[in-house]
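Observations on chain architecture
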Amino acid sequence: MDVRALRYFVEVVNQQSFTRAAEVLHVTQPTISKMVRSLEEELGGPLLIRDGRHTRLTEAGKVVHARGQAVLGEVARLRQEVAEVDGLTRGELTIGIPPATGSYFARAIGAYRQQYPDVTLRLREQGTRALEDAVVSGELDIGVTFLPVSRPGLASYPVARQAASALFPASRTSAAAGPVSFRELADYPFVLYEDDFALARMVSDACASAGFIPNVVARSRYWDFIGELVAADVGIGILPDEAFARLDPARIVRRPVRDPEVVWDLGLIWREDYVSRAARAWLECCERIFSPPAASN
């Protein structure tokens, strides 16, 4: 079986899109489609049902996806262990980072590249749920997610603590209006992250605690696009303050949310049973740069 075909298939499922998978893998979409078809032919049946722009797994596809992630994790581990025979003069480190959090790690990435220039560093931008799955399966060495994580077998290191705020189009409110409670947001349409992002779940839980189900009119994987939709008065958004700092304050107004407060505890996660030398070096680099954030009262 061609490992590349298996990797392409798993990425299509993880991204829920042939187009996004092609972007992540830096290949063309026809190449992705050809490799997935070859895998289906080899296994004797369809793995994906294509419904317009969306895809669904067949029963066989579910088996191949689950087992495929484990196989790819073992292949990555094999390559890493062979590379580490000579120390960190070569090798590969794969890190998954959710959108809107990459700026936290730019300095650490720069420091790591300077210290280990011959280690291939691969970065994947994805929702936290998918990143946690990829760490568990061994597809990623290190993931970035929101703590605490409830999955067994994962270790973690806290990196940052940050609040999320409600974003309004400037035509609807002003910063002078101050904080807003979730109950006051019940009548607004929402623009949120996709369901596989932890913040989407946190916002839904906060709305439920305030006694309503949010009217979600649009979803995106990209914080900057969410900001543009807010500015266009499609709906309000809930984003971390780090993301708001990179949006246009003339078009978008930030108001802190209360009752309940939405706080991100950002951290690194990895498998307890195996940490490659390249991953250990990354963790040591992050420990030098980041001090654990103070816990809230």
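This text follows the structure it describes.
Residues numbered from 1 in each chain as written. Predicted model: local features only at pLDDT ≥ 70, side-chain atom pairs only at ≥ 80, totals over all residues. Heavy atoms only, no water.

1. Digging into unusual backbone geometry
Look at the link from Leu147 to Pro148: it is a cis peptide, with omega at 0 degrees. Within the secondary structure, Pro148 is located in the loop between strand E5 (142-146) and strand E6 (154-169). Along the chain, Asp259 connects to Pro260 via a cis peptide bond; the corresponding omega equals 0 degrees. For Pro260, the position within the fold is in the loop between strand E11 (252-258) and strand E12 (263-271). Positive phi values are uncommon outside glycine, yet Asp233 reaches one of about 65 degrees. Mapped onto the elements of the fold, Asp233 is located in the loop between helix H8 (223-231) and strand E10 (236-240). Among the residues examined, Asp233 registers a relative accessible area of 35% and is labelled partly exposed. In this model, Asp259 sits at a positive phi of 50 degrees, which is unusual for a non-glycine residue. Within the element layout of this structure, Asp259 appears in the loop between E11 and E12. (Helix = DSSP H or I, 4+ residues; strand = E, 2+ residues; numbered from the N terminus. Buried < 20%, exposed > 50% of the residue type's maximum accessible area, 1.4 Å probe, protein only.)

2. Quick notes on the packing of helix H1 (residues 3-15) against helix H2 (residues 18-25)
Put simply, H1 and H2 touch, their axes get as near as 8 Å, and they point 120 degrees apart. As far as their axial angle goes, H2 and H1 are oblique. You can see that H1 and H2 cross each other, and the crossing is right-handed. Across the interface between the two elements, Arg7, Tyr8, Glu11, Val12 and Gln15 of H1 pack against Phe18, Arg20, Ala21, Val24 and Leu25 of H2. Tallied by class, residues from the contact of H1 with H2 come to six nonpolar, one polar and three charged. (Axes fitted to C-alpha atoms, helices over the stretch in contact; angles between N-to-C directions. Parallel < 35°, antiparallel > 145°, perpendicular 65-115°, else oblique. Left-handed = near helix turned anticlockwise from the far one by under 90°. Contact = heavy atoms within 4.5 Å. Nonpolar A, V, L, I, M, F, W, Y, C, P; charged D, E, K, R; others polar.)

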